[in-house]
Every structure is written in structure tokens, then in C-alpha cells.
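Each chain, written out:
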Protein chains: 2
Amino acid sequence: MSFLREISPLVRNTFLSEKDVLLRLAAQIAAEIQQGERKDYIEVLDLSSGDLHRGGIKPITFVRQVLAACFYPALLEDDSLPLDVKERADDLLRQCDGGSVGSYTDSCGITKIKHGLSKFITRRDGGVPSSPDDIFITSGSQMALMFMLKLLVQSKVPCQTGVLIPVPTYASFNLALEDHGAVIIPYYLCEEQGWTLQVEELRRALHAGRKTCNPVALYICNPGNPTGHIQSRKSIEEVIRFAAEERLFLLADEVYQSCVYREDTKFESYKKVLSEMGSTISSTVELASFNSASKGFMGECGLRGGYVELVNLDPAVKEYTRILFSTRSSPPVGGQIALDLMADPPKPGDPSFLTFSEEVQSIKNMMCKNACRIQEVFAELPGISCQPLKAGFFVFPCLHFPPRAIKWAKKRQMEPDMLYCLQLLEETGLHVRPGCEYGQRKDSHHIRLLVATHEDIMEDALQRLKTFHMRFMKEFS
Amino acid sequence: MSFLREISPLVRNTFLSEKDVLLRLAAQIAAEIQQGERKDYIEVLDLSSGDLHRGGIKPITFVRQVLAACFYPALLEDDSLPLDVKERADDLLRQCDGGSVGSYTDSCGITKIKHGLSKFITRRDGGVPSSPDDIFITSGSQMALMFMLKLLVQSKVPCQTGVLIPVPTYASFNLALEDHGAVIIPYYLCEEQGWTLQVEELRRALHAGRKTCNPVALYICNPGNPTGHIQSRKSIEEVIRFAAEERLFLLADEVYQSCVYREDTKFESYKKVLSEMGSTISSTVELASFNSASKGFMGECGLRGGYVELVNLDPAVKEYTRILFSTRSSPPVGGQIALDLMADPPKPGDPSFLTFSEEVQSIKNMMCKNACRIQEVFAELPGISCQPLKAGFFVFPCLHFPPRAIKWAKKRQMEPDMLYCLQLLEETGLHVRPGCEYGQRKDSHHIRLLVATHEDIMEDALQRLKTFHMRFMKEFS
């Protein structure tokens, strides 16, 4: 007896991502090294995912001290913890039922933490008002995105819902859309112009999409994953105007908002730009903006804390959203606390301020240094071109393979960049992701690697990549 | 512009649960008290949800010490923490990438923790083997149940999937089923016989269900929420035999497995009973068994840690399950750690053993005492009958309202037990849930209240209930 025949077709369609081939190889190599097998390298270097701590970056002391005191309140009596840590922990515990982080919270998140987030947003956006009632805390920003898809997507043909999404984009979002029965309407970012978002391309994609489905939403990732680009204010305005004309709901994934590498570049939120566009647009375009404690300098992915802020939603729809959230359990309290600390970090004069600032600055410096180093190394390598790296956790260089390399991949029935990544991993122990997982223009090839890692690890990774790449290009030229 | 017209009909159908009326009233009363308004009581007593810490029970020290040391590893050098706490934290940190609980883990959970859970299951089931590969850790057991629904349910008519579920059952599960597009096939538990599950009733429900949908799964909650019953071995055997005959997938919600109040009563898992039923059945009936760190003596709901163990699944289906999980982010690490500590608590001889055992025993004693006290008080009250309370977090007594009370409720277009709960809350500050939220036989009425609370709170609650109930019955008799 088996219920295979019963399996939901949506799940059945979920393709066995090629990711696993690489993951499995990485695990196999690690096991071989542990068993004493000799390789040209002593360990696998994993720059495959957006995980700061995995990348060798230490957690922020203030964050972890507050968490420890919340979990084990006996530490509130501990003289070794700074006063502001203890005050914050005490304050947070007062927000928890029974004074315990082990209690359920409101399914949209702890009210006081939502207040803190709304203040953070107002500060970020130079005074644009934000209401805690429009903020929904979730177990990570991806979960918040899933909730929004649940609200927006109708999977029944003929009115199947379409969502415009960028190419490239991270693979799990595509899976989630398919999973919700949405039609993916791809729009291509313009690599040659630094992965910018072109309204003409949005228009082309939308009109193509309208032939097969009912496009209702436009998803943007800014700063971009995997591209490392950041939109200019002008570009954001154009997108908003387009959304207003075409009556599209904006899903703005802004989880990398605090990772900007260049002095001449500034993150501006969709909400802020929207608020300054005149009331016809600013009071009507519906927007969901996502943020997270996993990205940015905290990098607390394991805690699972994200949120969405809703702008211009019909009150009835907001009420539906609240009901939808209330059908689920509360988000993990650890993740909620991380969001609180992200929203309201130590201030000048606070006992933890100095250490906190030093730690954050050192992470920022390191990311900037890595970004420069990456550009430097790639500029020297033949067959690699890399757009200016401005923000986010990743870089997504283009690989110009010699025709023989492409033929060789074809023979093995594999995408050339996938084969490149497999060989790179096998020969040097460096684990990065192939562009084919994110989508790319036909006959273009990329790799994605993590920028947000310790500088020593980055240097090691770049050396491995360089050696392999030179050999690879020579072999196939 | 509004996208109301676009909202998924599944969400639109999600009813505005009556729960909110009570919740809102509770919040309003709390606010009035805070503003100095005088009431006959000094605070709201909340016995509405299954939350140990909200109910005044202190977290287990060992659990919280390990969590604190994992979050803030500087504590590994702290002399005030017991050695076994530090060893466990150190061991857990070694399982985390970058030695940080802030890293993503495998999306099915940390391998070593799954090993610990499989050992715990084997021990619980007297040696029945369990494999870590069959265990999937999630952000709470409800999430695991959602994953299984995703696998099982096809919402397209005419082959819409049906799931057999008990009446009464907790409301959010019904919402989740509707949300997945499943047809709910209700089967009634036999209240008169202590809320037992009768195979004849299952058969009736299944045959009725087959007229409108394709029933594929049978959901059981054992020990029961809200009923407080626990199935006998014989009853479990009957259900398994029925599932084998009718080729139904068993969803066994066993999150209350560690809460048994009576000496003559023992929890036996579906997996254990299944394994002892002869190979035709034991090797074929497909089973998913759910457990959680939120329930039981730990009560760590806020951490979000649950798991499902799959039994007899086709390897291809298990592979689909793995893929389905891999499309989502990893479960919160705090919840995973809680599961590890639940699965492998301190042993005799360990430095933390004595305190740990005392704390657990005191919680167990308190629950048993509450269970007795509840039965005692209800036995004395007119118009309340209560089945023997054997296990779980809740009691679900039947209220026999005088006809005048029912007329009075009808006039107000409300369920009588809802009106009872509203008045109880308003007059005494005691917050419990009405039976209408869980489903009940026509013209029967119940309330659900939490057993797992501090004994002083329980005594206070019972006194409030008693006073109100006597007045209520007198008023309407």
C-alpha cells in the first residue's frame, strides 16, 4: 500500500533541484577528508548560502547576551552582563506571558516588538509614519512572503494568478510560487547595466503574462539576491509608477537593506519613495515590504525572525491577513527578540554601545573589503565579467565559457555552470552555486558566491577559484 | 485600488472565529483593570490555551541553562552552570555550522538531534527501531501536520481529498484542512464512554465521506485535545486494523504523550502498537506520528520545536517529503535544542539530575492534583457532567443548560456555551473556551479549560467557575 498516487500534484511537480548534487558531493568530500583521504585542500569552503555565522563571522555580543538572559533569567542577577543587556532582557520578559519566552505570543508577534519595528522603519525612512498594526512578524521573511502569496494567489484556471519575478532570483521563491499554484512571469534584469531593473522589460513581461494568466503582483528583490545590485531612487520611482498604472501589488523583498558596500550608494525603501510620490500614487499603490534578522550584520538565520509591513492595504484585506496569521502558531520568540534588537540597538552612552559598534563596523568593513577584493580578482581573470558589486550578501559573475567547455557539458547533459561548480568543488573544495539555479538569459552562465564571509576565508576562496578557473579555461580553450 | 477581489477564496472562507470576541473582551477587561476600574476580581485568569508558562508554571532549569549557554557560549566558562549543562551546550554547538545557533541547519533538522529523537522513540516504544531518516523536525508539530496535508491533499474536484477528523477537535486544525482544500469528514468521539473512539462510528463517517470526496487519511489526537481522554491499546489496534482495511493514512497527533494523570493509565504510541500487529499490517499501514517540545512538562511553546516520524512510507514518497521540506528554511534552532533536551534529559548521576527530576515531578504532581480537584468540583455542581480526566492538557466538561438559558442564547443569536463563556469572563475574569469552537454533537454544550496550570491558579479558577455557574443555573432554572 502506498499513497504515492495521492500525492498532491504540486508537490510531485517540485523538481529535484540540482542543488542536491552539489550538496551531496560537498558532504561526500567532507566525509572523505574526515576518513583521512588526502586531497589538495584540507577542508570544504562553503560559500553557497547566505549564512554569516557559517561564513566564520561571530555573532554580535549584545544580541547574544540579551537572548541568554531572556532564556535564563537568573542571569539578570549576573554581574558580568552589562546593565543595558539586563534592562533590555527584563523589559522583553515583561512582554511575555508568564514572564517566559516559552509562552505563545500573539500570532502576529509581540505588540511591543512591533512598536519597536515601526519606530525603526520611521527612523529609516526619515519620518514616514509606520503603524505596528501594519506589521506582521513571522518565522523568517520567507514565511511572510508565503503568507502574502496565500492572500494573493488563486490557482484555479482560467483566472490563475501571475506574479512577475526577476531573472535571476533565488530558487526557493520559484518553488514557493509553483507550490501556491501561481504562474511565474519572468522579467530579466539588465546585466550589462549592472543588473538594473528596466520598466520596458517589466512591460514586455506583463503583456506576455496577460496572455496566459491574471498578473496581480510584482516581486522585487532590492538589494538583489543573487545579483548584488541596488536600485536607484529613480528606478524605484519608475517601478512604483508602473505598478500604479498596471494595478499591480508590490512585493518588495528588502532583507539586504543594511548591507550596502559603497559610499556613493544608499538604500532607500520602496515605502519611503512611495510616500514621496504625490497622493494619487502614494495613497493607492499596495505594497508589502519584507525584512529579516537573518540578513544584515546580525545574521541570525537560525533564530527565524522576519516581518512584513503592509502599506495601503484595504482595511478588510488587512483584517483577512490578521485572520490568516491567527490560524498559525506564533513566530519563535528567539527570532522576535532578534528583530527587537535589530530595530533598537544600543545607543551612544549605553554600556554595550562601544563593543556593539565595533563589532558591527568590523563586519561592515570586512564585507566592503571582500567586495573590493572580489572585483579585483575577477577583473584579472579571463572569461569572467562581473558587474559592480554594490550591496547584498552575494556576487553573481558571468562566466564566458569556451565553446569546447559548453560542448563538454552538453555531452554530460548538464548545464555548463553546474558542471563548473561540481568540478570546482571536487578539485578545490570550494562550494558555490551555479547560475542555472537562479535563472539567466539563454546561453549565459554564472556562479553565485557569498560576499558576507570572513576575509581570510574569502581570500582562500578566491585563490581556489582563481587556480581552478585558469586551469579550466586553459583545458577548454 | 484594492486587491480584495483577488484574495484567495480559501482565505476568504476562513471564518472570523468567535474566539476573537472572547479574546477581545479579555483584553478590554485587562485594560479596564489597569486603568483602575473596579471589578469583583483583581485580574483575568487565562485558562484558554495550552500554555504551561502562561499558566504560571516555571520553565525547567536544565533546559534554560543549556539554551542560554548555546546562545551565549561565553557561559561555557561560567562556574555557576553545572558541568552537564556546559557539556551538552558544547556538544550542541559542535552540531551547528560555524559553531553558532544563528546558522541555518538542514531543513529537516540537525542530524544529531534527529538521532537523539530516534533513540528516545525506541526507548519509549520498548525497543521498536526508529531511524533518524524518518524524522523531520519542524517549527512546531502543527507545521509538521501542515507538511503532511500538503503531501496528502488534492483540492481539485471531483477527486477532492477527505480527511477523517474527530469531533471535538481543536479549531485551528479544521482551518488548516480547509486552507489546504481538504474535505473534513467528521467522526464523533463517544462522550458517554469517556470520549472513546468507536470503529463503528469511523466506518459510518468514512462511508458518508466517500459520497462526496476521496477519503485518504484518518487523524487521531491521542491523548485527546480538548477531551482529556487516552486510547486503550485495544482501541488503537482497532483503529489500525480499520486503517489497514480501508487503506487510510494515519495521522497520529501524540503531542500530549507525556501527560498522563492516572496510575492505571499508560500511553502507548501508534507506532509501537502497529509494530506488534503482525507483518501484514505492521509493514504496510502508513503512519505519521507527531510530537512537540511545546506540550509535556517542558511547555516550551515559544521556541517552536516539533517533529513528525514517518512509518511505512514508500521510499519515493519519503523522498518527496524531503524535497518538500528542503523548499523551506530550517526550523528554529532554539526549538530544535528543546527537542534534543526532551529526548535526552539528565540521567541519574548527572549534576543536573536531581533538580531536573524534582522540577518535572512537581509539575506532574500538580497536574494530577488539578485533575482530581477538577473532577471533585464538577461532581458537586448541578448541570455539569465530566468524563474521567486521564491525560493531556485540557478538560472538556459537558454543560446541561436549562431550556431558558438556551432560549436566551438563541435570542442573542449565539451558541449557548459561547454566551456562558462571555458572561463567565465578564463576571469573574475567568477565560475559558466554549465547546462550539471544537465541534460537539447537536444540542450539547461544553467548555474547555486548561488543566496544566499552577494549583493556586486552578483553585482560584474553580472557585470563580463555581460561583458563576451556581448563579447562572439559578437564574435560568
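Residues numbered from 1 in each chain as written. Chains lettered and ligands numbered in written order. Predicted model: local features only at pLDDT ≥ 70, side-chain atom pairs only at ≥ 80, totals over all residues. Heavy atoms only, no water.

Caption draft 1: The overall build of chain A, seen in detail. A tally of regular secondary structure across chain A gives 17 helices and 14 strands. Taking 477 residues into account, the globule formula puts the C-alpha radius of gyration at 23 Å, and chain A, at 23 Å, falls close to it. Summarising its shape, the C-alpha atoms of chain A cover approximately 65 × 60 × 60 Å along the three principal directions. Sorting the 477 residues of chain A into buried and exposed places 62% on the buried side. Once local pairs closer than 6 in sequence are excluded, the contacts in chain A between residues at least 24 apart make up 72%. Total accessible area computed for chain A in this model is approximately 18,300 Å², and 52% of it derives from carbon and sulfur atoms. Considering chain A, the positive charge centre built from 54 side chains and the negative charge centre built from 60 side chains are found 5 Å apart. (Helix = DSSP H or I, 4+ residues; strand = E, 2+ residues; numbered from the N terminus. Rg over C-alpha atoms; globule rule 2.2 N^0.38 Å. Buried < 20%, exposed > 50% of the residue type's maximum accessible area, 1.4 Å probe, protein only. Contact = heavy atoms within 4.5 Å. Areas by Shrake-Rupley, 256 points an atom, 1.4 Å probe, with all protein chains shown as cover. Lys, Arg positive; Asp, Glu negative; His and termini not counted. Charge placed at Lys NZ, Arg CZ, Asp CG, Glu CD.)

Caption draft 2: A look at the relation of the copies chain A and chain B. For the pair chain A and chain B, the relating rotation is 180°, the translation along its axis is 0.0 Å, and the fit reaches an RMSD of 0.0 Å. As the rotation angle and translation indicate, the two copies are arranged about a two-fold axis. Using C-alpha coordinates, one finds that chain A approaches the rotation axis most closely at Ala68 of chain A, a distance of 2.1 Å. Of the residues that chain A buries at the interface, 99% are likewise interface residues in chain B, meaning the two copies contact each other through the same surface. (Least-squares fit on C-alpha atoms with pLDDT ≥ 70 in both.)

Caption draft 3: Summary view of the interface of chain A and chain B. With 81 residues of chain A at the interface, the matching set in chain B holds 80 residues. At the boundary of chain A with chain B, total buried surface from both sides reaches about 7,000 Å², with 58% on carbon and sulfur atoms. Summed over the shared surface of chain A and chain B, the number is four salt bridges. At the boundary of chain A and chain B, one finds 34 residue pairs in polar contact (both at pLDDT 80 or more). For the side of chain A that touches chain B, the secondary structure elements donating two or more residues are α1 (9-13), α3 (61-71), α6 (141-152), α7 (171-179), β5 (214-221) and α12 (315-326) of chain A. (Buried area = accessible area lost by both parts, 1.4 Å probe. Salt bridge = Lys/Arg side-chain N within 4 Å of Asp/Glu carboxyl O. Polar contact = N/O pair within 3.5 Å; in protein donor to acceptor, adjacent residues only side chain to side chain.)

Caption draft 4: Representation of the nonpolar core in the model. Core analysis: the largest hydrophobic core is formed by 187 residues, its most contacted members being Phe378 of chain A together with Phe378 of chain B. Those residues within four positions of Phe378 of chain A in sequence are excluded, and the remaining contacts are Ile384, Cys386, Val395, Pro397, Leu449, Leu462 and Leu465 of chain A. Core analysis: the next-biggest nonpolar cluster, separate from the first, contains 132 residues, Ile240, Phe242, Leu251 and Val273 of chain B among them. (Core = buried A, V, L, I, M, F, W, Y, C linked by side-chain atoms within 4.5 Å.)

Caption draft 5: Highlighting the sheet that holds strand β7 (residues 287-292) of chain A. All names here are of chain A. What the seven strands build is an open sheet, ordered β2-β8-β7-β6-β5-β3-β4; its pairing is mixed. Where the open sheet ends on each side, the last strands, each with one partner, are β2 (135-138) and β4 (183-188). On average, each strand axis in the sheet is inclined to that of its neighbour by 25°, with strand direction left out of account. Pairing between β7 and strand β8 (residues 306-311): six bridges, direction antiparallel. The partner of Leu287 across the bridge, within β8, is Val311. In the packing of helix α8 (residues 199-210) onto the sheet, contacts are made with β3 (161-167), β4 and β5, and the angle to β4 comes to roughly 155°. Across the sheet, α12 lies against β2 and β8, angled at about 20° from β2, the strand it touches most. (Pairing = 2+ DSSP bridges. Axes fitted to C-alpha atoms, helices over the stretch in contact; angles between N-to-C directions.)

Caption draft 6: Quick look at the side chain of Gln336 of chain B. One can find Gln336 of chain B in helix α13 (residues 333-343). Not counting residues within four places of it along the chain, the set of residues in contact with Gln336 of chain B comprises Thr105, Gly109, Ile110, Ile113, Ile137 and Pro331 of chain B.

Caption draft 7: Main features of the domain arrangement of chain A. Residues and elements named next belong to chain A. Domain annotation of chain A identifies domain 1 (8-57 + 357-476) and domain 2 (104-343). Centre-to-centre separation of domain 1 and domain 2, based on C-alpha positions: 27 Å. With 32 residues of domain 1 in contact, the opposing surface of domain 2 contributes 36 residues. Summed over both sides, the interface between domain 1 and domain 2 buries roughly 2,900 Å², with carbon and sulfur atoms accounting for 61% of that surface. When residues of domain 1 are sorted by the area they lose upon contact with domain 2, Gln387, Lys390 and Tyr438 head the list and together hold 21% of the total. Our count for the contact surface shared by domain 1 and domain 2 stands at zero salt bridges. (Domains from an automatic or database assignment.)

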